[in-house]
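# Residue-level structural notes
Chain by chain, the residues run as shown.
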Amino acid sequence: MSSLRLQALIIGLLCASSFADWADVSLLTSTTFHGPALKYKGDVFNRDGTYVMKSGSNYVAKSVMTGRDSYFPTKLPEPLRVRYLTPDSTHPNLAFWYTPEVFERDGTHDGAHIEEWPNVANFCYHGHTDTDSCTWDKNQGSQINNNKFVEALKQQTAENKPAYKKDVINGHGVVRFTRSDKLGSTGQYLEMVKRCNNLQCTCDSNFTCPVNNTAGFLTDWTNSATPANTEFTMVMALKTNQQMNDVNPMGVVNLVNGASKEGFGLYKTEAKCKSQFNGTLTGTNQLDHPVTFLSQNGPSDLPGIYNGLAIHIYDQVTDAQTGVRHVATACKVKDYLVHGEVKSALSGTLTTVTLTGGAGAIGWMTAEQIIKAQPIIRFQSISTAHAVGDVQVTSSAANANGVDTDLTIASTNFATTIAAGTSVYVGLEAGEFHTAFIHMCESFNTTLFTGAGEKAFDLVQAKAPGCQQGTFRQMSTMTAYYGGVKDDDGDPGCDSECYSGCDPTAAQYGNSSCVKKWGSRRQLQDPDSAWRVVSVLVSGGTAKVYVDGVHDGCESADGCSIVPPVDISGATPVTLESLRIGLMSAAGATDQAFASMDLAELLVYNTALSSQELDRIGNYLAKKYKVDNFEVNSNIRSSTRSSAVSRHAGCDKILFKTHSAKVCEGFDASECITTSSTITLSDLAAEESTTDYYKGMRLTITGGGDANDGSSRSAAGQSCVVTGYAPVSKRLTCDLSNAGKYGFMLYGNETYTPNSNPAPTNAVGQHDTTIHADWAPDWAPPYYAVLGDPVTAPREVVRVTAASVVGTVHALTVERAMNPTAKAAVSLADAQAKAEAAKITYSRSYLPMDAAANDRWVLVNDMHEWAVLPAETTNLWVTLTGTGAGPPVERLQVSKAIRVSFELVDALANGDAQMNISLLSNFPVTSLLSGDLLRVGDLAGGEIVALSGACTGQRCPITRAQSGTAAAASMAAGTTVTLIERTGIMTNPVYLLVNSTNTGIANSYTASNGIVADFAWAPLGTPVTSLAFKGASGVSEYHFEACDPTATPFLYDSPIQIVSGHQYLKSPGTGYGSSDTADTRTTANSFWVDVANTPDSTTGTTVAAAGTILEIKGWFFMPTDLDLTSSVASSYLDGAKSERNENYLLVTVGHHDPECDPTAVLRCGQEYALTCNIAETPGGYCATDWDTLCRCADGATCPSTCGAGNACVAGPPDGSDHLWQLKTKPSIRCELPETLEADQDLNIFWHGIHTKLSHWFHPKPPAITQLVPARVPYKGMVVVTIRGNDFGPKEMWTTKSAGGRTTVQRRAATVELRGRGMAAKCEEVTHVSNRELLCKVPPLALSRQIDLNPTSKTVQVHVIVDKGGKQSRQTSADLLTYEMVPGYFACESRTVTSLDKNSCFQCCRSACIVDEFATGAKKGGTTYAHCDSTCNKYCGITPAGRAR
């Protein structure tokens, strides 16, 4: 499908949508044009008449993307005029927009050199000096095309002009910049020039306009006239093209102060291969590029070892802005070391030295070069001078026979003889003989060295960016500098980490300090390897560069923040005066770092866009240019989410890399620390350098077995949320006991009546046995909770015996005031405000008795999780949480966990009223009290007895058979007796021996204050060789999740509902959806259908009926920035803002291919746009009252509903407390067209960002309710009216030929008549509506009718409506009766042989004659002939005709 045809299709579909027709202007006047095509003036009502945009309104609400009423200037290229899916060219902050469509519009041919890249932003912008005439002239195409910002991106020098290349990426063209040499010292670029002499580019009457090609800006679009106020945003799609042997960075954007380099620069670091050798060298311009590798760096002594390697010689000056030392010269080593051998022994005083071979040359040094350079020679060893010393050569020539080389030297006494064959090395300066000849040089300068001094160099295999596996020295990555600050201190490509070689194919980059340089994603995003969407955000002294999205997505409440690949702060802004694309330095500089790159598109805003806006523009580019790595923010716990999330959300996987490993793996036993809250991770797998890397992630212990002797238990199954991490020791803080989880109490008992008269004093009374809270853990009851402020003592302890969830409210059945705590009430004011006094903190156990500092035994109530207590344990821990400022939290290792147990001294017989017992262990409490309950024998089924008085010595009076147990016949001496309850004090008490080798507990705890206890098994980190474990070694394994999947709101889903009734297609009502409903907590998408007023609440089958209203509801269905930019003081999301947000909502049905962009050339499937309205916006609660609904932005004041100065709480829940903050579920309603077929996708776009529900539409089969008439003659040809439901659209029943003629009975839908002797389609079908069809009934089939009723002479068949493969079910309502059926239809007509046909004929003729005479033989003498003719046809002897 061509782009124009596709655009026409989409526009045609969207034109049917209801427009909210008002302007995107800052101030409407009676003469201001606004709305679609700028055709409206003054007051305008929206379609349903509920809102009017009046003159004088100053509501500003403009997305960076287009919407329903967006205006498309005439000059704007056609493919950019697609509502919802393309950026808004009239956005007031869009300064420049450069797209390839302008070249297609202007007919630019492939490979053409570009002199100007036209700007398409803000043609005839709102606020133009003469808006009315501008609009008229623009639409007539008669005005010179002025832009809001008149600067032009141009290049007038032929050799510097980039080229336009067609069809490079996803069917789109690009502007291709190419450097002219490997160093990037020359190349192609575009520069912004002023173009006009005034803002309006005023032209004379002949439309001759002034031209001004001076570099710079006419208007200050960067706001840098006051540098501290500098703000701008750039978003671009690009791919760099580093070729083999390319060196030096590649400049992409150069936005600086005049001709200097100060300001902002975006560039790519070049990929480098690992050095074979590096050091310093010296050289001279006297020879053809000879250089000396200084011996201090240890160059090789082997001649020729470096031959063929590339040599990169660096500039002596490090670039002040980037910290990069550029390659000033790139060459190849032709010959390494000048080397020869002594021809004959040298002794005595000589002035000539003869070397073997060379004919006057030494290696690559010719006689002429030797004479010119007068080098120094060294004998025997290149590294150590011979006893004779180094000798200078003054001349060289071939000897007498022309084969060898005679060197003329100063008179030298060879007192120590030098033997023939001794090596000779030639150096160019004293003491240095590691000489190399280099060639094939590219240099900034005409000569290699312009002065004295040493230069750094590298010797590398000339293969970058295609270095061999594991041999990368530096990575190719996007980076930047700004205001004197270097990204990553000038090393974003990890040169320091990859000194010994890195392997990007295996994601091995030396250590984690490298990947940390690339932001929260910790991924190499090489712009050479793939197309990238790059976003630049500059504000004041900060600059951020994002690659492929992830502009945000972190949970700010967890202390997390997104770190972009480039994150610069503390910069010193300067006035920005020039913009260049394709290089790094100002024109005329010696090291401009030109780029080889393809730039597809660039948008520049003169403000700092929000992260959601960055997502939207980046998403547009990513879909257009198929940048598959681009990520928008879909994290439902992020306050800047930009996409709709309508399915079960789960955890965000973008930011952190999960891993699984063994605890303490790679550490010695002395370094392995594991407690209930400190865990040492694997030294081989864990992050090395970032303290906050794991913060907010959930760690789960997944493996490790119990010790066979019971001394240690497996920690598997426990999990915790990480709160801290020490990367050096690899130890993280993570409380496996999960102490301190809390919610807030909302109200007590079954109803909440804060507005009753008189108003209640308390939300939770002292005697309420049901407490409703906004959050509770998913623990199985029973468990405990403490009520009240943790800082203020005392708190009441309650026992939770049952828990359920209604909507988002947790109902807890509790036993109040566990002794020794006292009952407490929660005031209505505290509950409404969710004050600390309304906090409910959950726990596994509590302290029923006081504990003093230094106590080694601590009594706790219940350990429900363990049927068998760990009498001796090495890895059980308890967390005690007290009250008071702090409050005190103490984590203690438990050595023993023992119930208060005794044993029978004497046997206990049936009927005994007393027993003799002795204490089994040395407990702090050795006496029992009257009323104590004890279990004799097995804890699960032994008899319970009660002490009926005080014990005397070991003898205790008892009352038998308590709590429903039966008296035992006899219990032997030695039977265990366990204290299970002390009335009013404790239940199932357990003594814990803590810190057994130390001094016990550190704090004192007063039980009446409400002291809680939580337990955890510490992971095992090192094998215990003396123990045997169940399963493996016992060493614990762990796994990370990128977030906490058990936290709110990951437990909640977003169901889809379908309702009927077009009356719902209205603006939001006041109060619809304002209460919590049971559908707010589901585990999967659910569909409800209401067709013909017949409810169907089945959730297992996803069904829907065309022509109904689809309601889409979801807690995270809308982006978080519904509070559009506005000069309206309030932050209410309903009313006008709700209407305005509809402007940027698009819902379609059908397959949406990302390549189905108006500018794409690939064929696309059909897609239907739905007419939709917002039914409900997100609603939170007032900070002063959780029950008062407010529809305002999170944290914004909501005076009309919450009172003056009071904020609305409506954002993502905090990461630390897991609380739910939304009260209304956002929803939209869309009208389903009758044209939908089965298995369609539902596509939801907010500001162009796509969310897809796959294969959501499965239409109900048609249903027949009535046939009129229901009886027809057997000869048929009667029109029957078929009534029912879901017969589908008219398009399924008719089609039009090319000439426009309508034909009937398209195969997509049919009406069939079926019986045991009948299978035929209606002769003609007329579609009246979705509920009515007209069928011309065919004759009864000429075959035996098994169901023929010979008495009534009738045959019944079923009428079946087949709609695209969905068939109506056979019922009594669809039975059609054929009447007056002749008797011969009982004869078998399916015959083949002549004999069979003769039998059929005899049967038929007999029946026919009987029928004829039974009706009076009306045919008279032709009766027999009639029957003969009829039966010949019936039996297939002669062809059958239609009439009979």
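Report on the accompanying structure. Note that residues are indexed from 1 along each chain, following the sequence as it is written. Note on the predicted model: pLDDT of at least 70 is required for a residue's local features to be given, and 80 or more for side-chain atom pairs to be given and counted; whole-chain, interface and lining totals, by contrast, use all residues. Derived side-chain values reflect all non-hydrogen atoms in the structure, with water molecules and hydrogen atoms excluded from consideration.

### Points about the sheet that holds strand β64 (residues 1037-1041)
Whether two strands pair depends on DSSP finding at least two bridges between them. In DSSP terms, a helix is any run of H or I states spanning at least four residues, a strand is any run of E spanning at least two, and both are numbered starting from the N terminus. Pairing is antiparallel across the open sheet formed by six strands, whose spatial order is β36-β64-β38-β39-β40-β37. The open sheet terminates on both sides in strands that have one partner only, identified here as β36 (660-662) and β37 (678-680). Here the strands of the sheet are splayed against their neighbours by 40 degrees on average, with no regard to which way each runs. The sheet contact formed by β36 and β64 spans three bridges and is antiparallel. Residue pairing across strands places Ala661 opposite Tyr1038, the latter belonging to β64. Between N-to-C directions, angles cover 0 to 180 degrees, with each direction set by a line fitted to C-alpha atoms, over the stretch in contact for helices.

### As for the nonpolar core
A general tendency of soluble globular proteins is for nonpolar side chains to be buried together. Counting residues in each nonpolar core, the largest one holds 79 residues, and the members touching the most others are Trp221, Met234, Met236, Leu255, Phe264 and Leu266. The dominant element in this core, judged by the number of residues it contributes, is strand β35 (residues 597-605), at seven residues. Whether two residues are in contact is decided by their heavy atoms: any pair within 4.5 Å suffices. With residues near it in sequence (within four places) discarded, Met236 still touches Val252, Val253, Leu266, Arg532, Val533, Val534, Val536, Leu599, Glu601, Leu602 and Leu621. Counting 42 residues, the second largest nonpolar core, distinct from the first, contains Val722, Leu992, Val994 and Phe1040. Within this scheme, the nonpolar core is defined by two criteria: the residues are buried Ala, Val, Leu, Ile, Met, Phe, Trp, Tyr or Cys, and they are joined through side-chain atoms within 4.5 Å. Here's how the labels work: a residue is buried when its accessible area is under 20% of the maximum for its type, exposed when over 50%, partly exposed in between, all with a 1.4 Å probe on protein chains only.

### So, unusual backbone geometry
Of note, the amide linkage connecting Ala464 to Pro465 takes the cis form, showing an omega dihedral of 10 degrees. Residue position: Pro465 is located in the loop between β27 (455-460) and β28 (472-474). Here the residue pair Asn819 and Pro820 is connected by a cis peptide bond, since its omega of 15 degrees sits within 30 degrees of zero. Even without being a glycine, Ala593 presents a positive backbone phi close to 55 degrees. Looking at Ala593, the relative accessible area reads 1%, which means it is buried. Look at Ala961: it is not a glycine, yet its phi comes out positive at around 55 degrees.

### Focus on the state of the cysteines
When two cysteine sulfur atoms lie within 2.5 Å, the pair is treated as a disulfide. A full pass over the atoms with the stated rule returns 16 disulfides. The disulfide partner of Cys1182 is Cys1202, and the gap between their sulfur atoms is 1.9 Å. On the S-S bond that ties Cys1182 to Cys1202, the torsion sits near -80 degrees, and the link is left-handed. Of this pair, Cys1182 sits in strand β72 (residues 1180-1182) while Cys1202 is found in helix α9 (residues 1199-1202), placing the two residues 20 residues apart along the sequence.

### Observations concerning the packing of aromatic side chains
Stacked, tilted and edge-to-face are the three classes applied to pairs of Phe, Tyr and Trp rings, where Trp contributes its six-membered ring and a pair requires centres within 6.5 Å; stacked means planes under 30 degrees apart, edge-to-face means over 60, and tilted covers the rest. Following the criterion strictly, the structure yields 38 aromatic pairs and no others. Centroid distance Tyr306 to Tyr336: 4.6 Å. Interplanar angle 55 degrees. Geometry classified as tilted. Of this pair, Tyr306 sits in the loop between β17 (290-293) and β18 (310-314) while Tyr336 is found in strand β19 (residues 327-336), placing the two residues 30 residues apart along the sequence. A residue is classified by how much of its surface remains accessible, and Tyr336, at 2% relative accessible area, is buried. Aromatic side chains Trp531 and Tyr625 sit 6.4 Å apart centroid to centroid with 15 degrees between the ring planes, which places their arrangement in the stacked category.

### Things to note about the pattern of salt bridges
The working definition used for a salt bridge is a side-chain nitrogen of Lys or Arg within 4 Å of a carboxyl oxygen of Asp or Glu. Summed over all chains, the structure comprises 36 salt bridges. A salt bridge links Lys624 to Glu101; its shortest N-O distance comes to 2.8 Å. Note that Lys624 is positioned in helix α6 (residues 611-625) and Glu101 in helix α2 (residues 101-105), a separation of 523 residues in sequence. The exposure classification of Lys624 matches that of Glu101, with both residues buried. Measuring nitrogen to oxygen at the nearest pair gives 2.8 Å for the salt bridge that ties Asp319 to Lys261.

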